[in-house]
Amino acid sequence: MIDSDELDDKFGIEGEVGFMEMDGELVFINVSNKYADADICLYGAHVTSFRPVRTMEMLWMSSESNYEEGKAIRGGIPVCFPWFGPHKTDSSLPQHGFARLMYWDVLATKSLPNGETQVDLILKSSEETRKYWPYDFEAVMHLTIGTTLTVTLDVKNTSAESFEYGCALHSYFFISDIAHIGIEGLKGLSYLNQLTGETGKQDEDVLQISEPLTRHYQNTETPVAIADEGFRRRITIEKAGSKVTTVWNPAEEACAGMGDMPDDGFANFVCVEATASFDYMITVAPGESFQTSQVFGVEE
Ligand code: TA6
């Protein structure tokens, strides 16, 4: 059992970084600085809230999310590693990998000279991870909380051989209504439509979503923005170290079938994810590291 008081003694920063147990189960880090507030759960290194000052919440969290060991948290920024989606050859292994189903350790917390806060969490290979994946690794989530939120998954290969992995920063954004947003930055990109298995190319300037949608836009690192008329804001999303941008919304029917989402939950979120998947997996040589990151900002 992780003790939040011990963590506070070791990593707490007066008035800026604190630790809290929820229902005596999962431990959260609360960050508060002059730019923003954020909550991060140690289970999965999962950011569940990011709220720049004087603005609304940027991330969507399901009001019916599980917060218990063995179950993924629904909403926020799940970290999928070392594969994205179902496992390629063994469907008994957890969807989206095991990293979101494990406790990460706190590596460091820092108050940066510019007033931002940095939190680093680490997951190292262990007997437990080797049950799912045979390699040795150190995965560090670097989180920088300022006017923007920067999330970086930094994977080091500590094995004697090269490995290949997939991953996703599976971000859920809080929106006024799925019918009132448009996603910019995807024009001209080819995508795999997961629901039909077909490929397509987006001709429209702006993606509008009116039905279930799971698209994996291929070979792209370009920035994307969610223009939200209802909330009168644009969420900007930049990324690096990921060649696939996944956009997901389950729409009404599939949403109603998900046990950890309210029936109308689909209306208030859209996932725009930085992923390494399909033909764009990541290969890392022994001793080397690779970083996948997203930077989120808001324009009002
Ligand atoms: O990223 C899109 C996706 O892979 C969808 O297919 C959808 O099922 C979603 O992720 C959620 O996955 P989860 O395992 O969290 O229910």
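Scroll up a little and you will see the structure.
Residues numbered from 1 in each chain as written. Predicted model: local features only at pLDDT ≥ 70, side-chain atom pairs only at ≥ 80, totals over all residues. Heavy atoms only, no water.

Help me out: how do you make sense of the overall build of the protein in this one?
The helix and strand inventory of the protein stands at 3 helices and 23 strands. Relative to its length of 300 residues, the protein is compact, with a C-alpha radius of gyration of 18 Å against a globular reference of 19 Å. If one aligns the C-alpha atoms of the protein with their principal axes, the spans along those axes are about 50 × 50 × 35 Å. Burial analysis of the protein (300 residues in total) assigns 54% to the buried set. Within the protein, contacts between residues at least 6 apart in sequence are counted, and of these 62% link residues at least 24 apart. Here the protein displays about 13400 Å² of accessible surface, and carbon together with sulfur accounts for 45% of that area. For the protein, the distance from the average position of its 21 positive side-chain charges to the average position of its 48 negative side-chain charges is 6 Å. (Helix = DSSP H or I, 4+ residues; strand = E, 2+ residues; numbered from the N terminus. Rg over C-alpha atoms; globule rule 2.2 N^0.38 Å. Buried < 20%, exposed > 50% of the residue type's maximum accessible area, 1.4 Å probe, protein only. Contact = heavy atoms within 4.5 Å. Areas by Shrake-Rupley, 256 points an atom, 1.4 Å probe, with all protein chains shown as cover. Lys, Arg positive; Asp, Glu negative; His and termini not counted. Charge placed at Lys NZ, Arg CZ, Asp CG, Glu CD.)

How should I be thinking about the packing of aromatic side chains in this particular structure?
Taken as a whole and judged by the stated rule, the model has 22 aromatic pairs. Seen in terms of ring centroids, W83 and F98 are 6.1 Å apart; in terms of plane orientation they differ by 85°. Their pairing is edge-to-face. One end of the pair, W83, is in the loop between strand 5 (79–80) and strand 6 (105–111); the other, F98, is in the loop between strand 5 and strand 6, and 15 residues separate them in sequence. Per residue, the accessibility class of W83 equals that of F98, and both read buried. Linked through ring pairs, F81, W83, F98, Y132, W133, Y135, F137, F163 and Y165 together constitute an aromatic cluster. Sitting above the plane of the Y191 ring, R215 keeps its charged end 4.0 Å from the centroid. (Phe/Tyr/Trp six-rings, centres within 6.5 Å; stacked < 30°, edge-to-face > 60°. Lys NZ or Arg CZ within 6 Å of the ring centre and 35° of its normal.)

It is not clear to me how the site of the ligand should be interpreted in this structure. Could you clarify?
Close contacts around the ligand come from R74, F84, Q95, H96, R100, H170, Q194, T246, W248 and E273, and that covers them all. Here an oxygen atom of the ligand and a side-chain polar atom of R100 are 2.8 Å apart. In isolation the ligand exposes 390 Å². Once the protein is present, 83% of that is buried. For the shell around the ligand, a count of residues per class yields 2 nonpolar, 5 polar and 3 charged. (Near = heavy atom within 4 Å. Polar contact = N/O pair within 3.5 Å; in protein donor to acceptor, adjacent residues only side chain to side chain. Nonpolar A, V, L, I, M, F, W, Y, C, P; charged D, E, K, R; others polar.)

Just checking my understanding: could you explain unusual backbone geometry for this structure?
Among all residues save glycine, negative phi is the norm, and among peptide bonds the norm is trans. Cis geometry is adopted by the peptide bond preceding P82, which originates at F81 and carries an omega value of 0°. Here P82 is to be found in the loop between strand 5 and strand 6. The backbone phi angle of R232 is positive, close to 50°, even though this residue is not glycine. As for its position among the elements, R232 is in the loop between strand 18 (224–228) and strand 19 (233–240). Backbone geometry at F278 places phi at a positive 50°, although glycine is not the residue there. By the secondary structure assignment, F278 is in the loop between strand 21 (269–276) and strand 22 (282–284).

Where do I start with the sheet that holds strand 19 in this structure?
One open sheet accounts for 9 strands, arranged 6-7-8-9-23-19-18-13-16; its pairing is antiparallel. Every interior strand has two partners, whereas the edge strands, strand 6 and strand 16 (206–207), have only one. (Pairing = 2+ DSSP bridges.)

Explain the sheet that holds strand 4 (residues 46–52) to me, please; I cannot follow it from the model alone.
Strand pairing in a sheet relies on backbone hydrogen bonds. The paired strands run either parallel or antiparallel. Taken in spatial order, the 4 strands make up an open sheet running 1-2-3-4, and their pairing is antiparallel. Only two strands of the sheet have a single neighbouring strand rather than two, namely strand 1 (17–22) and strand 4. The mean inter-strand angle of the sheet, taken between neighbouring strand axes irrespective of direction, is 20°. Across 5 bridges, strand 2 (residues 26–32) lies against strand 3 (residues 36–41) in antiparallel orientation. Note on strand 3: the bridge partner recorded for V31 is A38. Lying over the sheet, helix 1 (residues 4–11) contacts strand 1 and strand 2, oriented at roughly 170° with respect to strand 1. (Axes fitted to C-alpha atoms, helices over the stretch in contact; angles between N-to-C directions.)

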